[in-house]
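# Summary of the model geometry
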Amino acid sequence: MFIQSISAIGKSRGLRRFAAGAGIALSLATFGAARAADDTIKVGILHSLSGTMAISETTLKDAVLMMIDEQNKKGGLLGKKLEAVVVDPASNWPLFAEKARELITKDKVAVVFGCWTSVSRKSVLPVFKELDSILFYPVQYEGEESERNVFYTGAAPNQQAIPAVDYLMKEEKVKRWVLEGTDYVYPRTTNKILEAYLKSKGVAPEDITVNYTPFGFSDWQTEVSKIKAFGSAGKKTAVVSTINGDANVPFYKELGNQGIKATDIPVVAFSVGEEELAGIDTKPLIGHLAAWNYFESIKTPANAKFIEQWHAFTKNPKRVTNDPMEAHYIGFNMWVKAVEKAGTTNSDKVIDALPGIKQANLTGGVSTMLPNHHITKPVFIGEIQGDGQFNVVSPDDPTKATLVPGDAWSNYLEGSKDLEADWVTLKCGNYNTKEKKCLGGS
């Protein structure tokens with residue numbers, strides 16, 4: 001019994017020593033993994049790589065990867081390498097929220113660059129607010145929003161839609177308006193603003209028609225016939241297009257099929273750039289328009305360097321650049337500068353550091369992050385060329401374009417014109433200037 005007890009005690013002590021050793025080993029392994037994780041700063045990329053929006057978003061994923069690679073060649077950030085974490089929300093709007101949560105909680109990213117459609121952005125907003133993370137959103141949108149955790153580097157309506165309408169009124173003498181869009185929040189809200197703006201300019205309600213089609217819509221024959229009929233009333237007619245994604249390809253093809261030329265009924269698009277035109281025959285579309293804040297064809301040393309870098313990174317000299325790529329370029333560099341200024345990737349400190357940060361854009365100006373989390377941007381109107389590029393028709397010298405501050409809230413909507421967004425002084429995304437109170441986040 002005594003011998004058995006000694007034996008049992010020995011075994012017990014051995015097990016304890018083993019357990020302690022295993023615990024130390026496990027702790028060391030965990031510490032080593034933590035050290036490895038601490039050696040990089042993770043950057044989330046939340047863009048659709050499949051589904052109806054892949055035609056537009058895949059390029060943005062590649063653009064962010066290129067900028068991460070370039071920053072790492074400069075030595076990284078805060079002495080650490082940047083590490084990309086790429087997910088595919090697959091043009092599935094609820095999946096955007098799920099993937100955003102995964103990036104923030106599981107992958108521990110410091111920032112996310114992502115989304116294209118407004119419905120995808122709206123899907124992820126609650127996640128970024130709840131988890132207090134940062135989203136850089138690079139695409140033109142409908143405005144009517146300013147969130148503390150979001151930085152909007154694409155155009156607000158006053159930086160794209162309204163200048164495009166002004167151009168058509170002045171230069172093309174347009175009197176009748178077809179507002180043609182994909183059926184979701186961005187086209188509907190943008191067209192609501194445009195309707196109010198057109199009426200404020202004296203356009204009669206009967207000279208405005210609005211139509212929406214689903215994502216991925218392809219049977220355009222009837223809809224284009226309606227546009228043609230609306231334009232046959234003896235008044236100069238134009239189409240303002242907020243069609244998004246791969247539905248643009250059959251839309252433009254049908255315009256060509258029905259012989260609608262830019263000289264007859266010009267189309268100005270807000271979601272068609274070089275990337276979308278790369279997949280279609282542009283010959284029948286020569287002269288139709290797009291309104292953006294960047295075109296690949298604008299000649300500056302910075303743009304030439306960016307294009308050269310893009311071709312080298314993708315190993316494809318035929319890959320085009322476009323507006324949302326430049327928006328990510330501006331946003332990425334602003335984030336890097338804000339992290340350096342704050343000395344940390346802590347979300348609250350980076351959010352506070354971002355307003356006032358400046359970054360040279362690729363077309364000659366310097367953009368500034370405003371207190372409303374939008375940026376200053378130039379506005380360009382471009383004509384589609386036969387090679388899929390754009391000839392800038394406004395302004396005369398695009399390299400000297402005036403930079404327009406982005407408005408979070410429209411001056412032409414009754415419920416918005418009294419609202420102001422200011423996250424620096426007012427600490428509010430929708431401050432009512434008449435009631436002198438904050439109405440919430442956005």
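Per an unreviewed UniProt entry, the chain carries the name Urea ABC transporter, urea binding protein and comes from Afipia felis ATCC 53690.

## Some words on the overall build of the chain
What the chain contains, in helices and strands, is 12 helices and 19 strands. On the principal axes, the C-alpha backbone points of the chain span a range of 110 × 55 × 45 Å. Counting across all 442 residues of the chain, residues that qualify as buried make up 53%. Across the chain, every contact between residues at least 6 apart in sequence was considered, and the portion connecting residues at least 24 apart equals 67%. Accessible area for the chain stands at about 18,600 Å²; split by element, carbon and sulfur atoms hold 53% of it. Taken together, the 50 basic and 51 acidic charged side chains of the chain have centroids lying 6 Å from each other.

## Focus: the pattern of salt bridges
In this structure the tally under the stated criterion is 17 salt bridges. A salt bridge links Asp207 to Arg176, with the nearest nitrogen and oxygen atoms 2.9 Å apart. Placement of Asp207 in the loop between helix H6 (185-200) and strand E7 (208-213) and of Arg176 in strand E6 (residues 176-182) is noted, with a sequence separation of 31 residues between them. For Arg188, the salt bridge is made with Asp183, and the minimal N-O distance between the two is 2.7 Å. Taken together, the shared-partner salt bridges in this structure form one network comprising Arg121, Lys122, Glu142 and Glu145.

## Side note on the domain arrangement of the chain
Per the domain assignment, the segments making up the chain are domain 1 (40-155 + 301-376) and domain 2 (159-299 + 380-405). Across the contact, 36 residues belong to domain 1 and 32 residues belong to domain 2. Carbon and sulfur atoms make up 60% of the area that domain 1 and domain 2 hide from each other, which totals about 2,900 Å². Remark: the boundary between domain 1 and domain 2 carries 0 salt bridges. Joining domain 1 to domain 2, the criterion identifies 13 residue pairs in polar contact (both at pLDDT 80 or more). Only helix H2 (54-73), helix H4 (118-131), helix H10 (301-314), helix H11 (323-342) and strand E12 (366-368) provide two or more residues apiece to the side of domain 1 that touches domain 2. For the side of domain 1 that touches domain 2, the class distribution of residues is 15 nonpolar, 16 polar and 5 charged.

## Points about the pairing of strand E18 (residues 428-432)
In terms of burial, E18 is largely enclosed, as 5 of its 5 residues are buried. As paired strands, strand E17 (residues 419-422) and E18 are joined by 3 bridges and run antiparallel to one another. Counterpart to Asp422 in the pairing with E18 is Cys428. Connecting E17 to the next strand, E18, in antiparallel fashion are 5 residues, including Lys427 with a positive phi near 55°. Direction of pairing for E18 relative to strand E19 (residues 437-438): antiparallel, over a ladder of 2 bridges. Looking across to E19, one finds that Asn432 is bridged to Lys437. If you look at the hairpin formed by E18 and E19, you'll find 4 residues sitting between the two strands, and Lys436 has a positive phi there, around 60°.

## Focus on the sheet that holds E18
As summarised here, the arrangement of the 3 strands in space is E17-E18-E19, forming an open sheet in which the pairing is antiparallel. Only two strands of the sheet have a single partner each, and these edge strands are E17 and E19.

## Some points on the confidence of the model for the chain
Overall, the predicted model of the chain reaches an average pLDDT of 91, with 91% of residues at or above 70. At the low end of the mean pLDDT range in the chain sits helix H1 (residues 2-38), at 40; at the high end sits strand E4 (residues 135-137), at 99. In this model, residues 1-37 is a region of pLDDT below 50 whose contacts with residues beyond four sequence positions or in other chains number 0 contacts.

## Points about the sheet that holds strand E9 (residues 267-269)
Reading across from one edge, E7-E6-E8-E9-E10-E14-E15 is the order of the 7 strands in this open sheet, with mixed pairing throughout. Unpaired on one side and paired on the other, E7 and strand E15 (390-394) mark the two borders of the sheet. The average undirected angle you get between the axes of adjacent strands in this sheet is 25°. By the bridge criterion, 3 bridges tie strand E8 (residues 237-242) to E9 in an arrangement that is parallel. Across the sheet, the residue bridging to Val240 is Val268, located in E9.

## Let's talk about the state of the cysteines
Think of a disulfide as a covalent bridge from one cysteine sulfur atom to another cysteine sulfur atom. Applying the stated rule across the entire model yields 1 disulfide. Through a disulfide, Cys428 is tied to Cys438; the S-S separation comes to 2.1 Å. Disulfide Cys428-Cys438: the torsion about the S-S bond is 90°, which places it as right-handed. Of this pair, Cys428 sits in strand E18 while Cys438 sits in strand E19, placing them 10 residues apart in sequence.

## With respect to H4
The first and last C-alpha atoms of H4 sit 20 Å apart over 14 residues, in line with the 20 Å expected at 1.5 Å per residue. The largest bend in H4 amounts to roughly 35° and is located at Val124, with the proline Pro126 lying one to four residues further along. Here the buried face of H4 lies against strand E1 (40-46), helix H3 (93-106), strand E3 (111-114), E4, strand E5 (150-152) and H6. Backbone geometry just downstream of H4 places Asp132 in the positive-phi region, at approximately 50°.

## What about the packing of H2 against H11?
Interaxial distance between H2 and H11 falls to 10 Å at its minimum, and their mutual angle equals 35°. As for how H2 packs across H11, the hand of that crossing is right-handed. Here H2 contributes Thr59, Leu60, Ala63, Val64, Met67, Ile68 and Gln71 to the contact with H11, which in turn contributes Pro324, Met325, His328, Tyr329, Phe332 and Val336.

So, how was this worked out
- Every chain's residues receive numbers from 1 upward, in the order its sequence appears when written.
- Confidence filtering applies because this is a predicted model: local features only for residues at pLDDT of at least 70, side-chain atom pairs given and counted only at 80 or more, and all residues used for totals across whole chains, interfaces and linings.
- Water and hydrogen atoms were dropped before computing side-chain values, which therefore reflect all heavy atoms in the structure.
- Helix and strand assignments follow DSSP, with helices taken as H or I runs no shorter than four residues and strands as E runs no shorter than two, numbered in order from the N terminus.
- Working definition: with a 1.4 Å probe on protein chains only, accessible area under 20% of the residue-type maximum means buried, over 50% means exposed, and in between means partly exposed.
- What makes two residues a contact is simply this: any of their non-hydrogen atoms within 4.5 Å.
- Using a 1.4 Å probe, the Shrake-Rupley method yields the accessible areas, and only the shown protein chains count as cover for residues.
- By the counting rule applied here, Lys and Arg register as positive and Asp and Glu as negative, while His and the ends of each chain are not counted.
- Here the site of a charge means atom NZ of a Lys, CZ of an Arg, CG of an Asp or CD of a Glu.
- Each salt bridge in this description consists of a side-chain nitrogen of Lys or Arg and a carboxyl oxygen of Asp or Glu lying within 4 Å of one another.
- As used throughout, domain bounds are those supplied by an automatic or database domain assignment.
- Here the quantity called buried area is the total loss of accessible area, with a 1.4 Å probe, experienced by two parts when brought into contact, counted for both.
- Between N or O atoms, a polar contact is any pair within 3.5 Å; within protein, one atom must be a potential hydrogen donor and the other a potential acceptor, and residues adjacent in sequence are included only when both atoms are from side chains.
- Gly is placed with the polar residues, together with every amino acid not listed as nonpolar (Ala, Val, Leu, Ile, Met, Phe, Trp, Tyr, Cys and Pro) or charged (Asp, Glu, Lys and Arg).
- Strands were regarded as paired on the criterion that DSSP finds at least two bridges between them.
- Summary of the metric used: pLDDT quantifies the predictor's per-residue confidence within the range 0 to 100.
- To get an axis, a line is fitted to the C-alpha atoms, and for a helix only the part in contact is used. The angle between two axes follows their N-to-C directions and goes from 0 to 180 degrees.
- The disulfide criterion used throughout: a pair of cysteine sulfur atoms within 2.5 Å.
- Multiplying 1.5 Å by the helix residue count minus one yields the expected span of that helix.
- Fitting axes to the seven residues that end at a residue and to the seven that start at it, the angle between those axes gives the bend at that residue.
- Should the near helix be turned anticlockwise from the far one by less than a right angle, the crossing is termed left-handed; should it be turned clockwise, right-handed.

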